Amino acid sequence: MAVPSEMKAWRVHAYGEEGNPADTISKMTLDTIPMPEPKPGQVLIKVELAAVNPIDWKLFSGGMHGICPVTFPYVPGFDVAGTVVKLGEGVGNVQVGDEVIADLGLVETCKTESPCGPAGAFAQYTVALASTVAKREGIPAKELVGLPLAGLTSYQALFTGAGGDFTGAPLGTLAPGQKLLVLGGAAATGAIAVQLGRAIGAEVATTASPNKMPDGTNKLDYMKKLGADDVINYKEADWSDVKAGANVDLIYDCVGTEEDWPKASKVLKKGGKFVTIANFGDAKSTEDHSFQAFLIKSDSEDLKKLVQFVKEGKLTVPVDCVVPFEDVPKVLTKSMGWASAGKLVIQVA
C-alpha cells in the first residue's frame, strides 16, 4: 500500500497560560510533517476517524506534567480508527489492509523517548504498538472509534484484564449476580461500565442528574435505557444514604469527589472495592475495604473483548457529532464545556 512521505497533523508547540487548556488549544497549528516510520513491534495506521477524550486537553494545562510530561511539538489524541498501511519488524497479529481501532496510550505517545512518541490520533497517519491494536471485525469505524480509551478504562476497572492499580495489584473482579455502583454514569466511562455490568449479569446502580443532554435526553432516563437497575439523582439524594447497607461488591468512581471514599464504607460489603479513575489524593485502603486508583493499560486482548461486546449488541458508544479535520481546535473546546451527548468524533480521511 503506497504511503506518502509527508502528512498533515495538528500539533501543540508549548503549554499555554498555566492552568488554561483553552489558551493552548488556540495556539494549535495544522502542520505538514514527515511521515512516521513504524519501528519493530509497531504499525502505521492511516487514520479514518479519531475521537476526543477529556485527557486530550487536560494534558495541555500542564497539570499532569508530573505524571506524564508532554514533549513538544506534540500531536494530541488517543482514540483512533483506521487502516494498517505498514508493519514494523516482528508484527504478526495484524496485516496491511486490516481495519483497526486502538488507544494509542498515554505513556506510549507523550514523550519523545516513549515507544511511539510524540505522535497522536489527530493526524492523517499515526504509529501504534501492535500490542494495542484490535481489528474492527466488520463494524463501522464510527461505532468503534470512541471505544478504546473509555472502554478499556471501564473494562479494567470492572474485570482487571491487563490492568492493575498503582502498586500492580488486580482491580475489579465483577461477576454475575454481584452488585456494582457506578459514580458518574453519564460520563463516557460510566456509561460503558453500566452496560458492561448489565451484560455480564451484575446488579447495576449509578448516579446521575436530571439535566438534559444536548439531544434533549434526561440523564436519569438515559441511564435506565443503558440498563441500570437503580438510578440515583445525586442532586436530590446522597448515594451513600440511598445505598446504605446494600453490600455492594464494587464501587467504580468516575467523578473524583474526595468525600466519596469516606462514605463508601456505608455501602460496600466487607472485602468490597472502591476503584477510581478520578481520585488521586491520599486515600488509603482500610481493613474492610480496598481503595484503588489506576491509569489504564492499552491492550489489544482487552480491546478485542470490548469489540465483541459491541458485535453482540451488548455495548454501544453514542456519538454526539462528527466534525471535519479542520475543526480539531473547535471540538476540543466543545469537549471542555462538558456538554456533549456522546463521543466527539473527527473525520480525518
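Quick note: structure is the one above.
Our subject in this report is the structure included herewith. (Residues numbered from 1 in each chain as written. Predicted model: local features only at pLDDT ≥ 70, side-chain atom pairs only at ≥ 80, totals over all residues. Heavy atoms only, no water.)

Our focus in this paragraph is the overall build of the chain. On a plain count of helices and strands, the chain comes out with 11 helices and 15 strands. Its C-alpha atoms give the chain a radius of gyration of 20 Å, near enough to 20 Å, the size a compact globule of 349 residues would have. When the backbone C-alpha atoms are referred to their principal axes, the chain occupies close to 60 × 45 × 40 Å. Across the 349 residues of the chain, 53% fall into the buried class. Here the analysis covers contacts within the chain between residues at least 6 apart in sequence; of these, 68% occur between residues at least 24 apart. A total of about 14,400 Å² of accessible surface is found on the chain, and carbon and sulfur atoms cover 51% of it. In the chain, 33 positive and 41 negative side-chain charges are present, and the distance between their average locations comes to 3 Å. (Helix = DSSP H or I, 4+ residues; strand = E, 2+ residues; numbered from the N terminus. Rg over C-alpha atoms; globule rule 2.2 N^0.38 Å. Buried < 20%, exposed > 50% of the residue type's maximum accessible area, 1.4 Å probe, protein only. Contact = heavy atoms within 4.5 Å. Areas by Shrake-Rupley, 256 points an atom, 1.4 Å probe, with all protein chains shown as cover. Lys, Arg positive; Asp, Glu negative; His and termini not counted. Charge placed at Lys NZ, Arg CZ, Asp CG, Glu CD.)

This part is about a nonpolar patch on the surface. On the surface, I67, F166, F280 and L295 cluster together into a nonpolar patch covering about 410 Å² of accessible area. Assignment of secondary structure puts I67 in the loop between helix 2 (54–58) and strand 4 (79–87). (Patch = residues over 30% accessible without salt bridge, like charges linked within 9 Å, V, L, I, M, F, W, Y side chains within 5 Å. Salt bridge = Lys/Arg side-chain N within 4 Å of Asp/Glu carboxyl O.)

What follows is about the packing of aromatic side chains. Scanning the entire structure with this criterion turns up seven aromatic pairs. Feature note: the residues W261, F274 and F291 constitute an aromatic cluster, connected by ring pairs. (Phe/Tyr/Trp six-rings, centres within 6.5 Å; stacked < 30°, edge-to-face > 60°.)

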